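Examination of the molecular architecture
For reference, the chains in residue letters:
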Amino acid sequence: TMHRGKNAWTGHGAIDIDGDLSAPTGYSVEQCQDRCTQDSLCECVALRPFDGKCWKRRMCEAAGWTSDSGFDVYMKQHGEHIIHWHPHTSSNSTKVCMYELWE
C-alpha cells in the first residue's frame, strides 16, 4: 500500500536494511517494490521519487513514520506465492498502487 509523503527508517517506524550508500537510485515504483519482494526480510520500502532512490526496510510500523513530501513508503501485503500489482482507489478517491500476494 502506498503512503504518500511518508518516510521510514531506523528509529522512525522501521529498521534499515539499506543505508544511503547501498540503496540504489533510478528505480521506478515497481522496481523498488520488486526489490522488496525479492527479500524475505523486507516489509516496506521508502522511495524518493525525484531520483528513484529506493531503501528497503523491515519491521515497518506506520505509526512511527515521519511526514516528508519528498518520500513515499510502500508497504508489502503478506500472503503466499504469486505477486499481482494492481491500481486501487482508496475511500478518499486518491489513486494508489497496492500489491498483494495471492495463494
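What this report covers is the structure whose coordinates are included nearby. (Residues numbered from 1 in each chain as written. Predicted model: local features only at pLDDT ≥ 70, side-chain atom pairs only at ≥ 80, totals over all residues. Heavy atoms only, no water.)

1. Some remarks on the state of the cysteines
All chains considered together, the criterion is met by 3 disulfides. Here Cys32 is linked by a disulfide to Cys54, with a sulfur-sulfur distance of 2.0 Å. In this structure the cystine formed by Cys32 and Cys54 twists about its S-S bond by roughly 90 degrees; its chirality is therefore right-handed. Taken together, the residues span a long stretch of sequence, with Cys32 in helix 1 (residues 29-37) and Cys54 in strand 5 (residues 53-58) at a distance of 22 residues. Like Cys54, Cys32 is buried. The partner cysteine of Cys36 in its disulfide is Cys42, sulfur to sulfur 2.1 Å. Sign of the S-S torsion, about -105 degrees for the bond between Cys36 and Cys42, identifies this disulfide as left-handed. (Disulfide = S-S within 2.5 Å. Helix = DSSP H or I, 4+ residues; strand = E, 2+ residues; numbered from the N terminus. Buried < 20%, exposed > 50% of the residue type's maximum accessible area, 1.4 Å probe, protein only.)

2. A short note on the side chain of Lys56
Residue position: Lys56 is located in strand 5. Residues in contact with Lys56, not counting those within four places in the same chain, are Asp16, Ile17, Asp18, Arg35, Cys36, Asp39, Cys42, Cys44 and Val45. (Contact = heavy atoms within 4.5 Å.)

3. Structural notes on the sheet that holds strand 5
Strand order in the open sheet made by the 6 strands is 1-6-4-5-3-2, with mixed pairing throughout. One side of each edge strand has no neighbouring strand; the edge strands of this open sheet are strand 1 (2-7) and strand 2 (9-10). Across 5 bridges, strand 1 lies against strand 6 (residues 66-75) in antiparallel orientation. Following the sheet pairing, Lys6 is matched in strand 6 by Ser67. Along the sheet, helix 1 makes contact with strand 4 (44-48), strand 5 and strand 6, crossing strand 4 at roughly 150 degrees. (Pairing = 2+ DSSP bridges. Axes fitted to C-alpha atoms, helices over the stretch in contact; angles between N-to-C directions.)

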